[in-house]
Amino acid sequence: MRHRSIPGARGRVRPLTLLGDAVLHDPCREVTAFGPELAALVEDLFATMYAARGVGLAANQVGEDLRVFVYDCPDDEDVRHLGHVVNPRLVSVDGVVVRGPEGCLSLPGLEAGTERYDEAVVEGFTATGEPVTVRGTGFFARCLQHECDHLDGRLYVDRLPERRRRRVLGRAARTEWGRRG
């Protein structure tokens, strides 16, 4: 039996970009080079995501403006979904819209009820350039939509009604990380 390496085992943990960092608010560039540098970025994303105890992480959350994200996320039936997508496109959302708690590693310690569809389909490529389609339901669908938003320069707080958005941003401003700079 062939043993695969654990995602992130060869990666390095990178510092997370936080709310207010410009790279989080601009759309990311398409990946054009599929090779060792991309594979290393995917490993670093996994290592960083696991170190931060997240379920998904986009490249711009470690300061790279490339369209790549990783995930290790359960769905509502507690089925584990593990992988990555390069140049993802959210091709379909469906089902009911559910308001559920949503947090983000770039806004540590904060969360807010955010509306998302409970079904999502993302198409893209693996780090080796193979086409991939990822289908998610429930919490995993929320994760896919959240990570695609990141690569388009959006955060979950951008989806909140203005009053709730101001409340979350006010809480962010009172955190230690929100008072930096």
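Since the model is a prediction, treat every value here as computed from it, not as a measurement.

Cut-offs applied
Residues numbered from 1 in each chain as written. Predicted model: local features only at pLDDT ≥ 70, side-chain atom pairs only at ≥ 80, totals over all residues. Heavy atoms only, no water. Pairing = 2+ DSSP bridges. Helix = DSSP H or I, 4+ residues; strand = E, 2+ residues; numbered from the N terminus. Axes fitted to C-alpha atoms, helices over the stretch in contact; angles between N-to-C directions. Contact = heavy atoms within 4.5 Å. UniProt positions renumbered as here; feature names shortened; annotations may be inferred. Buried < 20%, exposed > 50% of the residue type's maximum accessible area, 1.4 Å probe, protein only. Polar contact = N/O pair within 3.5 Å; in protein donor to acceptor, adjacent residues only side chain to side chain.

For the rest of this paragraph, the subject is the sheet that holds strand S5 (residues 131–137). Taken together, the 5 strands give an open sheet; going across it, the order is S1-S2-S3-S4-S5, and neighbouring strands pair in antiparallel fashion. For this open sheet the edge positions go to strand S1 (56–58) and S5, each flanked by a neighbour on one side alone. Strand-to-strand twist in this sheet, taken as the mean axis angle between neighbours without regard to direction, amounts to 30 degrees. Contacting S1, strand S2 (68–74) and strand S3 (80–103), helix H1 (residues 36–52) crosses the sheet at an angle of about 40 degrees to S2.

With that settled, the discussion passes to the UniProt feature "binding site: Fe cation" (unreviewed entry) in the protein chain. The sites that carry the UniProt feature "binding site: Fe cation" (unreviewed entry) are, in the present numbering, Cys104, His146 and His150. Across 47 residues of sequence, these annotated residues stay compact in space, with a maximum C-alpha separation of 10.0 Å. By the secondary structure assignment, His146 is in helix H2 (residues 138–151). For His146, a relative accessible area of 8% corresponds to the buried category. The contact partners of His146, leaving out residues within four places of it in the chain, are Glu102, Gly103, Cys104, Arg116 and Tyr156. A distance of 2.6 Å separates polar atoms of two side chains, one belonging to His146 and the other to Glu102.

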